[in-house]
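So you can see what is in the structure, the chains are spelled out below.
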Amino acid sequence: MSARSRRLGYPVVIARDARPALRRAIRAHAGACVVLCDAQPDVAALARTIDRRLPLHAFALQERRKRLLYVERVLDVLAASGADRMTLVVGVGGGVASDLFGVAAGLYMRGIPYMHLATSLVAMADAAIGGKTGVDLRAGKNLAGIFRNPVAVFAQIGALQTLPPRSVREGLAEIVKAAIIADPALFARLERLADVPFAQWPWERIVRRAVQIKSAIVARDPTETGTRELLNLGHTFAHAYERASGYRIRHGAAVALGLRAAGLLALRLGRFSRREQLRVVTLLSALRMPLCADVDPKSAFETMQHDKKRRHRRLRFVIPNAIGDVSYGVEAPKPDVLAVLREMSGPPQL
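**Examining the overall build of the protein**
- The number of helices and strands found in the protein is 13 helices and 10 strands.
- By the compact-globule yardstick of 20 Å for 350 residues, the protein fits well, its C-alpha radius of gyration being 20 Å.
- Once the C-alpha set of the protein is aligned to its principal axes, its extents read approximately 60 × 40 × 35 Å.
- Per-residue burial for the protein yields a buried fraction of 59% across its 350 residues.

**A look at the sheet that holds strand 5 (residues 114-118)**
- One open sheet holds the six strands; their spatial order is 1-8-5-4-2-3, and the pairing between them is parallel. Of all the strands in the sheet, the pair left with one neighbour each is strand 1 (12-15) and strand 3 (56-59). Strand-to-strand twist in this sheet, taken as the mean axis angle between neighbours without regard to direction, amounts to 15 degrees.
- Pairing analysis gives four bridges linking strand 5 to strand 8 (residues 152-156), with the strands arranged parallel. By the bridge assignment for strand 8, H116 is matched with V153.
- Helix-sheet contacts for helix 2 (residues 41-48) involve strand 2 (33-38), strand 3, strand 4 (88-93), strand 5 and strand 8, and the interaxial angle to strand 2 is about 165 degrees.
- Seen against the sheet, helix 4 (residues 95-107) touches strand 2, strand 3, strand 4 and strand 5 and runs at an angle of roughly 170 degrees to strand 5.

**Considerations on a nonpolar patch on the surface**
- The grouping of L68, L137 and L143 at the surface amounts to a nonpolar patch, some 210 Å² of accessible area in total.
- In this fold, L143 is placed in strand 7 (residues 140-147).

**Observations concerning the nonpolar core**
- Counting 85 residues, the largest nonpolar core has L172, L190, W203, F237 and Y241 as the members making the most contacts within it.
- The element contributing the most residues to this core is helix 10 (residues 251-268), with 12 residues.
- Here W203 is in contact with L121, I157, L160, V168, L172 and F198, once residues within four sequence places are set aside.
- L22, I26, C37 and V43 belong to the second-largest nonpolar core, a separate cluster that totals 23 residues.

**So, the side chain of E229**
- You can see E229 is positioned in the loop between helix 8 (203-220) and helix 9 (235-244).
- With relative accessibility at 2%, the residue E229 sits in the buried group.

**A look at the pairing of strand 9 (residues 317-322)**
- Two elements, strand 9 and strand 10 (residues 325-330), share four bridges in a ladder whose sense is antiparallel. The partner of P320 across the bridge, within strand 10, is V326.
- Linking strand 9 back to strand 10 in an antiparallel pair, the connection comprises two residues, with G324 at a positive phi of about 100 degrees.

**Some points on the packing of helix 7 (residues 184-193) against helix 11 (residues 274-286)**
- In contact at an axis separation of 10 Å, helix 7 and helix 11 are set at 45 degrees when each is read in the N-to-C sense. By the angle between their directions, the pair helix 7 and helix 11 is classed as oblique. Viewed along their axes, helix 7 and helix 11 form a crossing whose handedness is left-handed. Of the residues in helix 11, those in contact with F187, A188, L190 and E191 of helix 7 are R279, V280 and L283.
- Looking at the contact of helix 7 with helix 11 residue by residue, the class counts come to five nonpolar, no polar and two charged.

**Let's talk about the packing of helix 3 (residues 68-80) against helix 4**
- Between helix 3 and helix 4, whose axes approach to 9 Å, the crossing angle comes to 55 degrees. Here helix 3 lies oblique to helix 4, going by the angle between them. The hand of the helix 3/helix 4 crossing is right-handed. Here Y70, V71, V74 and L75 of helix 3 lie close against helix 4, whose contacting residues are L100, F101, V103, A104 and L107.
- Of the residues assigned to the contact of helix 3 with helix 4, the class counts are nine nonpolar, no polar and no charged.

**Regarding the pairing of strand 5**
- Strand 5 sits mainly inside the fold: five of its five residues count as buried.
- Because side chains alternate across strand 5, one face comprises the buried residues Y114, H116 and A118, and the other comprises M115 and L117, equally buried.
- Note that strand 4 and strand 5 share five bridges and pair parallel. Directly across from V92, in strand 5, lies its bridge partner L117.
- Handedness of the strand 4-helix 4-strand 5 crossover: right-handed.

**Looking at the environment of L284**
- By the secondary structure assignment, L284 is in helix 11.
- Discounting chain neighbours no more than four positions away, the residues touching L284 are V176, A256, L259, R260, M289 and L291.

**Comments concerning helix 2**
- Every buried residue of helix 2 is listed here: V43, A44, L46 and A47. Seen from one end, helix 2 has its buried residues packed into an arc of 160 degrees, which puts them on one side.

**So, the state of the cysteines**
- Enumeration over the complete set of coordinates arrives at zero disulfides.
- Counting only cysteine sulfurs, C33 is the nearest neighbor of C37, a cysteine outside any disulfide, at a range of 12 Å.

Rules used in this analysis
- Residues numbered from 1 in each chain as written.
- Predicted model: local features only at pLDDT ≥ 70, side-chain atom pairs only at ≥ 80, totals over all residues.
- Heavy atoms only, no water.
- Helix = DSSP H or I, 4+ residues; strand = E, 2+ residues; numbered from the N terminus.
- Rg over C-alpha atoms; globule rule 2.2 N^0.38 Å.
- Buried < 20%, exposed > 50% of the residue type's maximum accessible area, 1.4 Å probe, protein only.
- Pairing = 2+ DSSP bridges.
- Axes fitted to C-alpha atoms, helices over the stretch in contact; angles between N-to-C directions.
- Contact = heavy atoms within 4.5 Å.
- Patch = residues over 30% accessible without salt bridge, like charges linked within 9 Å, V, L, I, M, F, W, Y side chains within 5 Å.
- Areas by Shrake-Rupley, 256 points an atom, 1.4 Å probe, with all protein chains shown as cover.
- Salt bridge = Lys/Arg side-chain N within 4 Å of Asp/Glu carboxyl O.
- Core = buried A, V, L, I, M, F, W, Y, C linked by side-chain atoms within 4.5 Å.
- Parallel < 35°, antiparallel > 145°, perpendicular 65-115°, else oblique.
- Left-handed = near helix turned anticlockwise from the far one by under 90°.
- Nonpolar A, V, L, I, M, F, W, Y, C, P; charged D, E, K, R; others polar.
- Right-handed = clockwise from strand over helix to strand, strands pointing away.
- Arc of directions from axis to C-beta.
- Disulfide = S-S within 2.5 Å.

Structure representation (structure tokens):
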């Protein structure tokens, strides 16, 4: 997929090697260009191949460092490099890079153009799409950030070959989420692929469909005042698990836990069937994603109190009604939420 997205208003290029398209976009830009990348060796090596004449700055990134302090470090690098309002920033890396570099580009001189070369499945299918960037505060996940569209996004499908299976599964959790939200056919396809080695998956098609699902929802609600909350299916639980574990639980694993938890809450509220919850849990298990949370339920619940979707200090959840049909803005009694958090401490009982 390389044409300009009618829904998003900017191009999303999905290709085994997206660098030729990225190079053309850089050449078409009237100003200077600075490349920022994750210092992880495979990512940094890829970033250097974009154009060796461009200045490149690498940062050691991880969720624990997705903080305002690191945003300031990126801003200082941009200033020291002489970047001005016409300077194009090209970010290279996964979801943390997309968030951190996107925030920095949006803040520097009140906003300079930004492109992202996505090297992880999380970034390709979710984090780099939609113009929502954020960093963490002590109180919780992504509580500081901005909405600002990139100039373009490039998904480097070939980079998936360099990822360990755990990282691929992290991205798959977001793709399972997209399927539950809007595409029963995609969910069924994931069920069929679950036992197939990752090297044989049709990644371009899978990523393209995930991007289409997210793009359609973002187009209806760019700044998350309503229906864009659908994309947070499972994330109220997921962010709580990440934060309460001190980020020992990585984002993709937390999303998988959150999908199971959202289904359990939907069951308690009489909105979801046990048969479909079994399908969700079976798929997550087949993809070797975690299903049990080693986190104190009360700590997780306390962390939830800082969730961005709260209104009037009330927690609101995104929960499934059926595979392909979800609801947002759902309030749930505290005893039900705590019961789900306790049930998540053990294996599924269906």
